[in-house]
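Coordinate analysis (summary)
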Amino acid sequence: MAYDPSTIEPRWQKHWEANDSFRTDTDSERPSYYVLDMFPYPSGSGLHVGHVEGYTGSDIVARYKRMKGFEVLHPMGWDAFGLPAEQYAIEQGVHPEVSTKANVDAFRKQLKLVGFSYDWDREFGTYDADYYRWTQWIFLKLFEKGLAYQSEALVNWCPALGTVLANDEVIDGKSERGSHPVERKPMKQWMLRITEYADRLLEGLERVDFPESIKAMQRDRIGRSEGADATFAIVDHELKLEVFTTRPDTMFGATFCVLSPEHSFVGHITTAEYQKAVDAYRKEAAAKSEIARTGTEAGKSGVFTGAFAINPVTKQPVQIWVADYVLMSYGTGAIMCVPGHDERDWAFATKFGLPIVEVLKGGKVDEAAFTGDGPHVNSDWLNGLGKEDGIAKMIDWLVENKVGQRIVRYRLRDWIFARQRYWGEPIPIVHDADGKPHPVADGDLPVTLPRVENYQPTGTGESPLASMAEWIEVDLENGAQGQREADTMPGSAGSSWYFMRFIDPENSQVLCDPIRAAKWLPVDLYLGGAEHAVGHLLYSRFWTKFLYDLGVCPVDEPFAKLVNQGMILGNDGRKMGKRFDNSVDPSDVVASHGADALRIYEMFMGPIEQEKPWSDTGLDGARRFLNRVWRLFFDEDDQLHAIVDDSAPEANALKVLHQTIDKVDRDSENLRFNTAISQMMIFVNEIGKMERRPRAIMEPFVLLLAPYAPHIAEEIWRRLGHQESLIRHSFPAADPALLIEDEIEIPVQINGKVRAKLKVSADIEEDALKALALAHERVQAYVEGKEMKVFRYIPGRMITIAVK
Ligand code: ANZ
């Protein structure tokens, strides 16, 4: 009989389930630890080995922390509303509710096969009415505070998906989902005023333990810029052109202005002569994505309007152009151009023969834009000043002359919070005859999503719900006829606060009990894919801050520490997927090698954050390691080896054990799972060579292994005679005395060169060491007959001798 995961694993999974082994007592007196996976959207293709990687990492931490005496909250649920789920349903021709439930069941089954220690009693999906009732409640609070509003906005309209998309659902002008073309179109939309929180979203990043790259992406998305708005008069017009610049100090070098093609002034100031060219250019620009406009083509196309503005400091007329590298969605949609010191302006001026003036010394502006700090030249009263002083002085001048002011701008836009789709949370608003929005009363929540037969997008920009007369038509409080809002919330609504609900999933009075929330938040460790680095993290941080302001949430940052697992590539080094037919199904691996081998393999592949390719030989290796563990304990007949006994352990066995405890303990704490496993492998090799395997050595090892390979650990533990599961057994502690190396090697340096090495006991006294050193043959050869100037011992490190 050999190690057989196919019988061991289901048995322990049943045991855990029957005993509610992972149930969290939210009110426990123990210290709390909340470890959370980014909950998956249950796609039709099932669990992926990439999911398993992150979930195994978090599961190891959950199990480790339980053994460290923490009450651990480790929940799982489903991000099940939204476009992906709905698209899948449409492709399959099944109602999204049916297909989503089926996918959820499949996911849950697969997760259970890998033996994750979730508290399944807390499971919910964002599409459960008991849950989205509170998502709707949060929306109503946002509405009440003026943070949810309707506005005519230029939105990303995707005709193929029949809905608007958020900016991060659009990649290179195509929809993230399905890669369909996306166009910019003005539409009346529900928006959330996330921009109101821009500064706090930036500041909060200083207080959380996130990867630097993620922080950088968040900062970039928020895009805070300090600068000035400046006013340029337009020749022969009442209109005044407002530009935004981060370098007002360069204004003496502003030799032309550029308007975004969508700027409202374009229609007014363009002269007859240039009208045709401008119209044609505007049409062209409308078809381009922002990315295309601001990428490498920036500054390479544009048209003259025929109009002129007056540079406020030089008082010179400058041409006004239209070019698509200026975006209407940022700043004022108009800029002053300083070709000497801005690369895009330089490209533009060079292409169209516009004047370039050097106002910062340090480069050659006829060859390239010089983007350094100065000092200023050709700038009258700014000459000689550096960048910061120049900016300050120019802003003072603008203010004094009433032609500008200091301003902080953000690239972050308000969050488009409506989808013209079926599969989402209904927005709890009723419009009256005048189109005025009225909030649904708290007591009438949830506004449940009706079961409709036609859930396909209409393509008209109207949600499928709009045609459901019996759902849409409701009475307002004053008895008048009203119409429900037919748009639904975007997919990222439900995922913006789910971590709070896991703490108190059944509460029907509040979204989460405040005392429990205070005990459990923030999430101690959040694990998930880097693809959520911007959208989801920004949205959930925003909602947390909002709930904090409401007094509903005790913290204003939801996640104390974030770790992104690296992608697992196919064995060919390419992204796993249908395209290359290189996907690995974790359920197949469980069937062939066992869940513990899958877990050990995925954790041994490399550091959790790193991208790494799948390897079947690596997987075999993980299985062999577990076979070897099994064989340390049991013979061919599955009987405990006679040498696994109660004898007192030898010093060398104790030493390997305590080194292993120390390493696995620290590595588990710091999520260095691969090196923890290496150390366990060293242990298995060393102990395998020894003549006795005393329980005092072997049992602690089983406990160390348990978070990593929980089924085999439980099985061995039981066979060693323990009746209790080891799940809450305390984690072994390393004895520091046993970690000290007892023999050390000390180099002896004589006049700057190492001449000898001494093997001595680690706790040797300096006098004894000196005697030993001086008696050493090679040392004697150098010091004999000479005067000793220096003898110094750096404990544990080196002896330095100087002779003359
Ligand atoms: C003059 C200038 C001179 C500028 C110079 C830069 C360097 P960030 O840092 O991203 O905030 N700008 C302003 N609004 C714009 C828009 N809607 N579309 C495209 N570009 C826009 O960038 C701010 C700078 O980008 C602004 O400062 C403006 O160019 C340009 F040596 O003004 B600057």
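Structural data are supplied above this passage.
One structure accompanies this document, and this report is about it. The structure presented is a predicted model; accordingly, all values stated were derived computationally and were not measured.

Our next topic: the overall build of the protein. Within the protein one finds 25 helices and 27 strands. Judged by the C-alpha coordinates and their principal axes, the protein covers about 100 × 85 × 50 Å. Looking at the 804 residues of the protein, the share that counts as buried comes to 54%. Of all intrachain contacts in the protein linking residues separated by at least 6 positions in sequence, the fraction that spans at least 24 positions is 71%. Carbon and sulfur atoms make up 49% of the accessible area of the protein, which totals about 35200 Å². Between the centroid of the 91 positive side chains of the protein and the centroid of its 121 negative side chains there is a distance of 4 Å.

Right, let's get into helix α1 (residues 5-18). End to end, α1 covers 19 Å across 14 residues, agreeing with the expected 20 Å (1.5 Å per residue, within 8%). All of the buried residues along α1 are P5, I8, E9, W12, Q13 and W16. For α1, the arc enclosing every buried residue in end-on projection is 125°, short of the 170-degree limit, so these residues lie on one face. Exposed and oriented more than 90 degrees from the buried face of α1 are S6, K14, E17 and A18. Each element contacted by the buried residues of α1 is listed here: α2 (49-67), α4 (96-113), α17 (586-593), α18 (595-604), α19 (616-633) and α23 (710-719).

Attention now moves to the state of the cysteines. Within this structure, the stated rule accounts for zero disulfides. Residue C257 stays outside any disulfide, its sulfur separated by 6.5 Å from that of C337, the closest cysteine. Given the relative accessible area of 0%, C257 is considered buried.

Sheet strands line up and pair through hydrogen bonds in the backbone, either parallel or antiparallel. The sheet built from four strands is open, its strands ordered β4-β3-β7-β15 with antiparallel pairing. Both outer strands of the open sheet, β4 (163-165) and β15 (415-416), are each paired with one neighbouring strand and no more. Here strand β3 (residues 148-158) pairs with strand β7 (residues 183-192) via ten bridges, running antiparallel. Pairing of V155 across the sheet is with K185, part of β7. The sheet strands contacting helix α5 (residues 129-144) are β3 and β7, and the helix crosses β7 at an angle near 95°.

So, about unusual backbone geometry. That bond from L445 to P446 is cis: its omega, -5°, falls within 30 degrees of zero. Take P446: it is sitting in the loop between β17 (437-439) and α13 (469-472). Here the amide bond leading from L521 into P522 is cis, since omega sits at 0°, within 30 degrees of zero. Tracing the sequence through the fold places P522 in the loop between α15 (514-520) and β20 (525-528). Positive phi, normally seen in glycine, also occurs at D380, with a value near 50°. Relative to the helices and strands, D380 resides in the loop between α11 (343-352) and α12 (387-400). In the Ramachandran plot, K402 falls in the positive-phi region, its phi being about 55° despite a non-glycine side chain.

The next point concerns the packing of α18 against α19. At a minimum axis distance of 8 Å, the contact between α18 and α19 shows a crossing angle of 120°. As summarised for this structure, α18 and α19 are arranged oblique, according to the angle between their axes. Both α18 and α19 take part in a crossing whose hand is right-handed. Where α18 approaches α19, its residues D596, A597, L598, I600 and Y601 are matched on the opposing element by G618, L619, A622, R623, F625 and L626. Considered class by class, the residues forming the contact of α18 with α19 number eight nonpolar, one polar and two charged.

Moving on, we get to the side chain of S668. Here S668 is to be found in helix α20 (residues 651-669). The class for S668 is buried, based on a relative accessible area of 1%. Within the local environment of S668, its side chain forms a polar contact with the backbone oxygen of V664, the two atoms lying 2.6 Å apart.

All right, on to the packing of aromatic side chains then. Taken as a whole and assessed by the stated rule, the structure comprises 48 aromatic pairs. Each ring, one from F304 and one from W321, has its centre 5.7 Å from the other, and the planes form 35°; the classification is tilted. Placement of the pair is F304 in strand β11 (residues 303-310) and W321 in strand β12 (residues 317-322), with a sequence separation of 17 residues. Judged by relative accessible area, which is 9%, W321 ranks as buried. Pairwise contacts between aromatic rings join F39, F124, Y131, W497, Y498, F499, F502, Y526 and F559 into one cluster.

As enumerated under the stated definition, the model contains 48 salt bridges in all. Across the pair K612 and E53 runs a salt bridge, and its minimum N-O distance is 2.7 Å. A residue pair is termed long-range when its members are at least 10 positions apart, and K612 in strand β23 (residues 612-613) and E53 in helix α2 qualify at 559 residues. Across this residue pair, the class does not change: K612 and E53 are buried.

As a further point, take the nonpolar core. Within the largest apolar cluster, 172 residues are counted, with the highest numbers of intra-cluster contacts made by Y34, F139, Y498, M500, L511, W543 and W614. Here this core gets nine residues from one element, more than from any other, and that element is α5. Apart from the residues within four sequence positions on either side, F139 is in contact with A148, W190, L192, F417, I427, P428, I429 and M489. Core analysis: the second largest hydrophobic core is formed by 47 residues, V318, C337, F348 and V359 among them.

Attention shifts here to the pairing of strand β1 (residues 32-37). Of all six residues in β1, six are buried; the element is thus mostly enclosed. What you see with β1 is no split at all: S32, Y34 and L36 on one side and Y33, V35 and D37 on the other are buried throughout. Of the strand pairs in this sheet, β1 and strand β2 (residues 71-73) are connected by three bridges, and their pairing is parallel. Across the sheet, residue S32 finds its bridge partner in β2, namely E71. Note that the unit made of β1, α2 and β2 has a crossover that is right-handed. Pairing of β1 with β20, which is carried by three bridges, proceeds in the parallel orientation. Bridging across to β20, V35 finds its partner in L525.

About the criteria used
- Residues numbered from 1 in each chain as written.
- Predicted model: local features only at pLDDT ≥ 70, side-chain atom pairs only at ≥ 80, totals over all residues.
- Heavy atoms only, no water.
- Helix = DSSP H or I, 4+ residues; strand = E, 2+ residues; numbered from the N terminus.
- Buried < 20%, exposed > 50% of the residue type's maximum accessible area, 1.4 Å probe, protein only.
- Contact = heavy atoms within 4.5 Å.
- Areas by Shrake-Rupley, 256 points an atom, 1.4 Å probe, with all protein chains shown as cover.
- Lys, Arg positive; Asp, Glu negative; His and termini not counted.
- Charge placed at Lys NZ, Arg CZ, Asp CG, Glu CD.
- Expected span 1.5 Å × (residues − 1).
- Arc of directions from axis to C-beta.
- Disulfide = S-S within 2.5 Å.
- Pairing = 2+ DSSP bridges.
- Axes fitted to C-alpha atoms, helices over the stretch in contact; angles between N-to-C directions.
- Parallel < 35°, antiparallel > 145°, perpendicular 65-115°, else oblique.
- Left-handed = near helix turned anticlockwise from the far one by under 90°.
- Nonpolar A, V, L, I, M, F, W, Y, C, P; charged D, E, K, R; others polar.
- Polar contact = N/O pair within 3.5 Å; in protein donor to acceptor, adjacent residues only side chain to side chain.
- Phe/Tyr/Trp six-rings, centres within 6.5 Å; stacked < 30°, edge-to-face > 60°.
- Salt bridge = Lys/Arg side-chain N within 4 Å of Asp/Glu carboxyl O.
- Core = buried A, V, L, I, M, F, W, Y, C linked by side-chain atoms within 4.5 Å.
- Right-handed = clockwise from strand over helix to strand, strands pointing away.

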